Amino acid sequence: HREPVVQAYAARTVGWRGAFAVHTWLGVKPQDAQTYTRYEVIGWRLSRGGSAMSVSDTRAAAGGWFGARPQLLRDLRGDEAASVIAKLPAAIKAYPYSGEYRAWPGPNSNTFIAFMAREIPELRLTMPSNAIGKDFVPIGGLVGWSPSHTGVQVSLYGLAGMIVGWDEGVELNVLGLVTGLDVRHPAIKLPGVGRIGVTSGAAPAAAG
């Protein structure tokens, strides 16, 4: 595809944590690029003395996560994708937790992707309810936009809070575990399980 593409993915995390949470990332291909670049936060990179941020053009955008099959959350193409790509470098530079990682309550991989969504409204990404860490925000962000920018979020370090939004529906967060109701795409949201009901998000698409 010559056109620009931006995709968001989620897959179950590694080991026992996979029963509770997913790992999220972005796959990005600018206009006429030959490969996708995959953006994600990987905690164990910190043990090597580097940044938790991983930017790779060798890892397939839809390559999954240690054998877990990915779910496509968002698929933007053409001008929509180009507008996101234009803002991506500044958003990545603004991410305040590249030198930190905590699986619970954050900051972690889901904190990073949720931060990208808040920084780039054009992404209009609804995070999976079982993306633990998505609600981790500094105390200065106690009240703000939901990741999709279609609602309002109140969050205390990701340990307690609530989202009310057109895309997210109603989500109640207790100790990082989310229960909720999606009215727009009828479904209930349960801790660990995620959605039960109509699937929201993008239709399946290929990524290289």
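For the structure, check the block above.
Note on numbering: residues in each chain are counted from 1, in written sequence order. Given that the model is predicted, a residue must reach a pLDDT of at least 70 before its local features are reported, and side-chain atom pairs must reach 80 or more before they are shown or counted; all residues, however, enter totals for whole chains, interfaces and linings. No hydrogens and no water enter the side-chain calculation; it runs on all heavy atoms of the structure.

A. Region of interest: helix 1 (residues 78-94). With 17 residues, helix 1 ought to run about 24 Å at 1.5 Å a step, and its terminal C-alpha atoms sit 25 Å apart, in line with that. For a residue, the bend is simply the angle between two axes, fitted respectively to the seven-residue segment ending there and the seven-residue segment starting there. Secondary structure is summarised from DSSP: a helix means a run of H or I of at least four residues, a strand means a run of E of at least two, and numbering begins at the N terminus for each. Taken as a whole, helix 1 carries its principal kink of about 40 degrees at Leu88; the proline Pro89 stands between one and four residues after it. Each residue's exposure class comes from its accessible area (1.4 Å probe, protein chains only) as a fraction of the maximum for that residue type: buried when under 20%, exposed when over 50%, partly exposed otherwise. Looking at helix 1, one finds that the buried residues are Gly78, Ala81, Val84, Ile85, Leu88, Ala91 and Ile92. Packed against the buried residues of helix 1 are strand 1 (5-12), strand 2 (22-29), strand 3 (37-41), strand 4 (53-56), strand 5 (71-77) and helix 2 (109-119). Each residue after the first adds 1.5 Å to the expected span of a helix. Whether two residues are in contact is decided by their heavy atoms: any pair within 4.5 Å suffices.

B. Representation of the layout of surface pockets. Considering only enclosed or pocket space, the second largest pocket measures out at about 380 Å³ in volume. Elements supplying a minimum of two residues to the lining of the second largest pocket: strand 2 and helix 2. Each residue gets one of three labels, nonpolar for Ala, Val, Leu, Ile, Met, Phe, Trp, Tyr, Cys and Pro, charged for Asp, Glu, Lys and Arg, and polar for the others, Gly among them. When its residues are assigned to classes, the lining of the second largest pocket shows 14 nonpolar, six polar and one charged. The rule is simple: put a 1 Å grid over the protein atoms alone, call a set of points where a 1.4 Å probe fits but cannot get out a cavity, call an open set with protein on both sides within 12 Å along at least five of seven lines a pocket, and count a residue as lining if it has an atom within 4 Å of a point. Grid points are joined across faces, edges and corners, and a volume is the space filled by probe spheres set on the points.

C. Representation of the sheet that holds strand 12 (residues 194-197). Only when DSSP finds a minimum of two bridges between them are two strands counted as paired. Read from one edge to the other, the open sheet built from seven strands follows the order 6-7-8-9-10-11-12, with strand pairing classed as antiparallel. Strands at the two margins of the open sheet, each flanked by one partner only, are strand 6 (143-145) and strand 12. Between one strand axis and the next, the sheet turns by 15 degrees as a mean value, whatever way the strands run. In this structure, strand 6 lies alongside strand 7 (residues 151-156), joined through three bridges in antiparallel fashion. Within strand 7, the position partnered with Gly144 by the bridge is Gln153. Under this scheme, a helix contributes an axis fitted over its contacting stretch, all axes are lines through C-alpha atoms, and angles between N-to-C directions fall in the 0 to 180 degree range.

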